[in-house]
Amino acid sequence: MRVLWVVMDALGADKVTSELMPNLVALSSTGSVSHGIGVLPTTTYPNHATFVTGVEPAIHGLYANDVLRADRWVGAQTVGPDSPTIFDRCRELGLKSVAVLGDQNLVGVCGAGAATLHWPPGGVLVEGIACGPTGYAADTATVDAALELGVEQFEFAMVHLDENDAVSHIHGPHSEEARAQATASDIALGRLFEAYGPYWDDTVVIVLSDHSQEDVEPGAAVDMSARLEEVIAPVDPSARWRCDGTCLVVAPGMHPDVAEAVRGSVGVSGAVGGQQEGLVAWGSDGVLFGLDWGQGGDHGSIRCRAQVVVVGGGHPDADDLANSAADSVSSASSWYRRTLSLLGAVP
Ligand SMILES: [Zn+2]
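Residues numbered from 1 in each chain as written. Predicted model: local features only at pLDDT ≥ 70, side-chain atom pairs only at ≥ 80, totals over all residues. Heavy atoms only, no water.

1. What to know about the nonpolar core
Line of reasoning, step 1. Ranked by internal contacts, the top residues of the largest apolar core, which has 51 residues, are Trp 5, Ile 86, Phe 87, Phe 156, Met 158 and Trp 335.
Line of reasoning, step 2. When residues of this core are sorted by domain, at least three fall in each of domain 1 (2–214 + 304–342) and domain 2 (224–282).
Line of reasoning, step 3. Excluding residues within four positions of it along the chain, Phe 87 makes contact with Val 52, Ser 97, Val 98, Ala 99, Cys 110, Gly 111, Ala 112, Ala 114, Ala 115, Phe 156 and Met 158.
Line of reasoning, step 4. Counting residues in each nonpolar core, the second largest holds 33 residues, with Leu 4, Leu 11, Ile 129 and Val 308 among its members. (Core = buried A, V, L, I, M, F, W, Y, C linked by side-chain atoms within 4.5 Å. Buried < 20%, exposed > 50% of the residue type's maximum accessible area, 1.4 Å probe, protein only. Domains from an automatic or database assignment. Contact = heavy atoms within 4.5 Å.)

Below is the structure:
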């Protein structure tokens, strides 16, 4: 049995058509296309950490792309998840695993150092490699690396393709450019599937996205930092928050009254969480809380929670998994357990 995960960053369900993504749709002809639901905030690192650990951010600890350590915000990749990952479990079970991650920070975020092999080595962008427009490895380069490492020879492989997210950020998720990128990413995906050809009857493929994106209005950013200073400091001067895309996150450990103060502040249209797990809040449609760099699309709010789920492959177990995925909305945390169960381990 081989299980291949491909995470196509920020892929929206609207792109999964035979016109735009024929290879992905062909995969679903031996399985299913369905929906998943990500964790909040709908940012890349909390969702990837949940994919690989099977638990919510409150447990794996990566509750935002940056997390608080000794009163300073540091990248989640420098901290890593607190919970055992699928790579740890594969190692314990004597299974070979590999991670090929277009966003190099995901090596740390996913604890992929515990995989039998990971790329890029040490989570450092390979010098001179082709990059997408936001500086992470281009999908063609990521798939080249995956093919070179022979991912099809591993019992568990995880491949992350970043470029769809990058292009959707710049031009907006519903732009012509984003549609063209979906097709380019699908061609890269097709090359990956081809490598599995000789082993297809032994393979289950799970293609996921970590979140979607929403259109943002240029110039619609709200300077929440200044507003929150006024709202939060009188309640709890030691509380710390971070704005990112279309959300803001207050770090766990805040005074319980902070959640109420944030919920009631001007510009906040919704929030979930609290003292223990941290608070995630967002504004109305298209309003950025984080940096406005003239982007056309972003994510972070509850509106970007939808995840694409496509299951297929030639192994007989692909059928059952495809049916179970199609029966209900799959939580991001479910893939850890489902995959280990395919590989013969009950976590
Ligand atoms: Zn992402």
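2. Overview of the side chain of Ser 28
Line of reasoning, step 1. Considering the arrangement of structural elements, one finds Ser 28 in helix 1 (residues 22–28).
Line of reasoning, step 2. The buried category is assigned to Ser 28, whose relative accessible area is 13%.
Line of reasoning, step 3. Among all residues touching Ser 28, those that are not within four sequence positions of it are Val 33, Val 310 and Val 311. (Helix = DSSP H or I, 4+ residues; strand = E, 2+ residues; numbered from the N terminus.)

3. A closer look at the coordination of the zinc ion
Line of reasoning, step 1. Listed as protein donors to the zinc ion are Asp 9 (OD), Asp 9 (OD), Thr 44 (OG1), Asp 210 (OD) and His 211 (NE2); their distances from the metal cover 2.0 to 2.8 Å.
Line of reasoning, step 2. The sequence pattern describing where the donors of the zinc ion fall on their chain is D-x34-T-x165-D-H. Linking Thr 44 in helix 2 (residues 44–53) with His 211 in the loop between strand 8 (203–208) and strand 9 (214–215), this pair joins segments that are 167 residues apart in sequence.
Line of reasoning, step 3. Look at His 211 and you get buried, because its relative accessible area is 0%. (Donors = N, O, S within 2.8 Å, 3.2 Å for Na, K, Ca; no water.)

4. With respect to the sheet that holds strand 13 (residues 278–282)
Line of reasoning, step 1. The sheet built from 4 strands is open, its strands ordered 10-11-13-12 with antiparallel pairing. Looking at strand neighbours, the two that pair on one side only are strand 10 (241–244) and strand 12 (270–274), the edges of this open sheet. In this sheet, adjacent strand axes meet at a mean angle of 15° when their direction is disregarded.
Line of reasoning, step 2. Here 3 bridges tie strand 11 (residues 247–250) to strand 13, and the two strands are oriented antiparallel to one another. (Pairing = 2+ DSSP bridges. Axes fitted to C-alpha atoms, helices over the stretch in contact; angles between N-to-C directions.)

5. Notes on the sheet that holds strand 6 (residues 117–119)
The strands that make up a sheet pair up through hydrogen bonds in the backbone, lying either parallel or antiparallel.
Line of reasoning, step 1. Taken together, 8 strands build an open sheet; the order of strands is 6-5-7-1-8-15-2-16 and the sheet is mixed. Every interior strand has two partners, whereas the edge strands, strand 6 and strand 16 (330–331), have only one.
Line of reasoning, step 2. Bridge count between strand 8 and strand 15 (residues 306–312): 4 bridges; the pairing is antiparallel. Note that in strand 15 the partner of Ile 206 across the bridge is Val 311.

6. Considering the environment of Gly 270
Line of reasoning, step 1. You can see Gly 270 is positioned in strand 12.
Line of reasoning, step 2. Residue classification places Gly 270 among the buried positions, given a relative accessible area of 15%.
Line of reasoning, step 3. Those residues in contact with Gly 270 that lie beyond four places of it in its chain are Val 280, Ala 281 and Trp 282.

7. As for the layout of surface pockets
In this approach a probe as big as a water molecule rolls over the atoms, and the regions it shows empty are the leftover space.
Line of reasoning, step 1. Roughly 570 Å³ of internal volume is contained in the largest pocket.
Line of reasoning, step 2. Residue lining of the largest pocket: 25 residues in total, with Asn 65, Tyr 136, His 169, Asp 244 and Asp 298 positioned closest to the centre.
Line of reasoning, step 3. Element by element, the count of residues in the lining of the largest pocket is highest for strand 10, at 3 residues.
Line of reasoning, step 4. Tallied by class, the residues present in the lining of the largest pocket amount to 6 nonpolar, 11 polar and 8 charged.
Line of reasoning, step 5. Its boundaries defined by the atoms lining it, the second largest pocket holds a volume of some 240 Å³.
Line of reasoning, step 6. Taken together, 14 residues make up the lining of the second largest pocket; nearest its centre are Leu 40, Glu 56, Pro 57, Val 272 and Glu 277.
Line of reasoning, step 7. Where the lining of the second largest pocket is concerned, the elements lending two or more residues are helix 3 (57–60), strand 12 and strand 13.
Line of reasoning, step 8. Across the lining of the second largest pocket, the residue classes break down as 9 nonpolar, 2 polar and 3 charged. (1 Å grid on protein atoms, 1.4 Å probe; cavity = no way out; pocket = protein on both sides within 12 Å on 5 of 7 lines; lining within 4 Å. Points joined across faces, edges and corners; volume = space filled by probe spheres on them. Nonpolar A, V, L, I, M, F, W, Y, C, P; charged D, E, K, R; others polar.)

8. Description of empty space enclosed by the protein
Line of reasoning, step 1. One pass over the full model with this rule turns up 1 cavity of 30 Å³ or more.
Line of reasoning, step 2. Computed from the structure, the largest cavity encloses a volume of approximately 40 Å³.
Line of reasoning, step 3. What lines the largest cavity is simply Pro 41, Ala 64, Asn 65, Asp 66, Arg 242, Asp 244, Cys 247 and Val 249.
Line of reasoning, step 4. Put simply, the parts of the chain that give the lining of the largest cavity at least two residues each are strand 10 and strand 11.

9. Side note on the environment of Val 231
Line of reasoning, step 1. Structurally, Val 231 is set in helix 9 (residues 224–232).
Line of reasoning, step 2. Using a relative accessible area of 23% as the deciding quantity, one classes Val 231 as partly exposed.
Line of reasoning, step 3. Between the C-alpha atoms of Val 231 and Val 266, which are 35 residues apart in sequence, the distance is 9.7 Å.
Line of reasoning, step 4. Residues in contact with Val 231, not counting those within four places in the same chain, are Ala 261, Val 262 and Ser 265.

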